Amino acid sequence: MEKKGNGSRKVLAGFFFIFLIILVMTGQQAMSMSNEDCLECHGEEDITREADDSSVFVDAVIFAKSVHGDEECVSCHQDADTEDDEHPEELARVNCAECHEDVSEVYEKSVHGKARTRGDELAPYCSSCHGTHNILPQSDPESKVYVLNIPVTCGKCHKEGSPMTKIHTDIDQQNVLQNYSMSIHGKGLIKAGLTVAAVCTSCHTSHNVLPHTNPNSSINRHNVAKTCMKCHANIETTHQKVIRKALWEKEPHKIPSCVECHQPHTQRQVVYSDSLTDEYCMKCHGDPNLVTADEEGGVRSLYVDLDEYDEFKGTLHKKEKLACVKCHSNMDSAREPVCKDSGRVDCSSCHADENKDYEKSIHGQMLAKLDPNAPYCTDCHGKHANMSRANPDSLINPINIPSLCGSCHQDGKKAAVRISGGEKNIVSTYSMSIHGKGLEKSGLLVSATCASCHTGHLVLPASDPEATVNWKHVSDTCEKCHYGVAMKVNQSVHKPPVGADPTNFPICSDCHSAHGVERGGEASFRKKQASECEKCHKEQVETYRESYHGKASMLAGGERAAQCSDCHGSHGILATTDPDGTLSPENAVKTCRKCHPTATANFTSYRTHATHGDKERNPDMYYAFWGMTILLLGTFSLFGLHTLLWFPRSFKERLELMKKARRKEEE
């Protein structure tokens, strides 16, 4: 009987415990704000936030259809769940991590999450991409993250001209949305409505968006192939046929990164030579009469001379057996003919590094601005007669570079007429320089050409800090050929010491000029030497001109008289206190003996820059000069006065003699 009583008490206790749980839950629900409570206010279309007058209206119908339609408002807006009738004016931002913890952890490590952590106001939140009360499943065509809507969603921040693209100029990819829309992926998605076409999230992922430099990024060079292979299986098998194993031959065990051939965001449709053969192209382009209208209202020939495109003449593309469509890739079978409006060839698909430099160059910048004078790859390298630089017939062979650049930069040509100020007659000046004479007269292919100093593709104005001809880099540019000279300069007094202002020290072009570089021993260069040194050493050159050497130089033309470099050296100029200096006590006699073979130590005591005008440094010369000057002036003045006084007396005596002679004749 006692056991039966204990069992009944346990059953009653169980029912009581369950009753308490139900009571607590019911009580909680009774205390929580219901959606109906929230919509009493937020269901009004004209409800706004007092702080900024922005709308806080919630469309109950749309919310009910969203993925959160079955959730209570306070599930996300937890601080709105109060016992009072009104919640705080400013609610905390919804923390999606409460339910989406895994996704939140990935987002926090992404480039977007890190931007938000450091306080970037443009960093996207979950709601920026998914919406707020209208979040729909990814599979819903109305969803912001539906595949067809992804470019628009991402484009809110990444489209050209948006605040994000203006502020974050460190993002190296430009015009992302525009380029994507023109790519095969963009055309497939936007024009053809192919939901299997790659969108932003296909490559960058949805939440784990990382910069391409991050090894864990899906677009990192080492991960790109894997990312592409999610859609493009058998990449290696396919590309071995397409690119003729060229890259595999260079790196036989390494698959090239997809973006090395297919630029990011501008992936284009690959046209296979199997379908569009060279013979197919030449059916039309083999006709010498094939022309098209040009921009100036004339006609432009589209004839391709196969004799010019002859592999025996060294055309590179012919040697590599490249088909027409490898360069003229913008073919479209929907057009008639397939090459209609195909535009210029895009060399960047094979020459990505060169193209990257070109885009940065002044030439590339002009092309980006649609400047009709902007030179393109084919203007310098030729179209079909594209030859190796080593081939003498190549436009870019060193012997032909001055003429090639001169076609635009020679006086009167399109590049020269648009450059105001600066150096004129550049090409003719170069031809008269030691570099030009070495190349054009002596045929020395190692002579510096335009491309040697300005580079072949990254041509920038001298005012650009990155230009090889900017004053900061001129010495480095010259050093590429004149290494020995550069070493001497680096040890001379012209090398800026650590911490000194480099603008106070000369660079190569200050003494040698940029285009008219002359041989140091030439008479014309020696004549100008004092003037060149005078730019920085005005006082010393003035005293030099007062010296015997200076006056001999001015009177005799300067070829044989001692110039600055004859005593001080040219590139390895050292202080007179330096034992290795040409004018140090140890070397002065040796230096003087170059012109004065019998010079002795006493001979070197001659003060070359001493002048009577400097009383403090040369008082003896000062007083001697003025003593001699006074003596000469006094002497000439005394005898001049004597002559003046003697002249009337002489005239009087001459008249008297003339009168005496006349009287004798009359007698």
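Computed from a predicted structure; not experimentally measured. (Residues numbered from 1 in each chain as written. Predicted model: local features only at pLDDT ≥ 70, side-chain atom pairs only at ≥ 80, totals over all residues. Heavy atoms only, no water.)

It is worth spelling out the pattern of salt bridges at this point. Scanning all chains against the criterion turns up 11 salt bridges. Linking Asp566 and Arg526 is a salt bridge whose minimum nitrogen-to-oxygen distance equals 2.8 Å. Taken together, the positions of Asp566 in helix α34 (residues 564-568) and Arg526 in helix α31 (residues 523-534) put the pair 40 residues apart, joining distant regions of the chain. Ionic pairing is found between Arg649 and Glu653, a salt bridge with its closest N-O pair at 3.3 Å. Within this pair, Arg649 and its partner Glu653 are both found in helix α36 (residues 619-666), separated by 4 residues, close to a single helical turn. Of the residues examined, Glu653 reaches a relative accessible area of 34% and is grouped as partly exposed. Here the residues in one salt-bridge network are Glu539, Asp614 and Arg617, joined through shared partners. (Salt bridge = Lys/Arg side-chain N within 4 Å of Asp/Glu carboxyl O. Helix = DSSP H or I, 4+ residues; strand = E, 2+ residues; numbered from the N terminus. Buried < 20%, exposed > 50% of the residue type's maximum accessible area, 1.4 Å probe, protein only.)

Turning next to unusual backbone geometry. The phi angle at Leu370 is positive, at roughly 60 degrees, despite the residue not being glycine. In this structure, Leu370 sits in the loop between α21 (362-368) and α22 (377-381). Positive phi outside glycine occurs at Ser513, with the angle close to 70 degrees. Here Ser513 lies in the loop between α30 (508-512) and α31.

Residues Lys659, Lys660, Arg662, Arg663 and Lys664 make up a contiguous surface patch of positive charge. Within the element layout of this structure, Arg663 appears in helix α36. Overall, the relative accessible area of 45% leaves Arg663 in the partly exposed class. (Patch = residues over 30% accessible without salt bridge, like charges linked within 9 Å, V, L, I, M, F, W, Y side chains within 5 Å. Areas by Shrake-Rupley, 256 points an atom, 1.4 Å probe, with all protein chains shown as cover. Lys, Arg positive; Asp, Glu negative; His and termini not counted. Charge placed at Lys NZ, Arg CZ, Asp CG, Glu CD.)

Glancing now at the packing of α31 against helix α32 (residues 538-546). Close contact between α31 and α32 brings their axes to 7 Å; oriented N to C, the two are set at 145 degrees. For the pair formed by α31 and α32, the contact residues are Ala530, Ser531, Cys533 and Glu534 on the first element and Lys538, Val541, Tyr544 and Arg545 on the second. Residues belonging to the contact of α31 with α32 are distributed by class as follows: 4 nonpolar, 1 polar and 3 charged. (Axes fitted to C-alpha atoms, helices over the stretch in contact; angles between N-to-C directions. Contact = heavy atoms within 4.5 Å. Nonpolar A, V, L, I, M, F, W, Y, C, P; charged D, E, K, R; others polar.)

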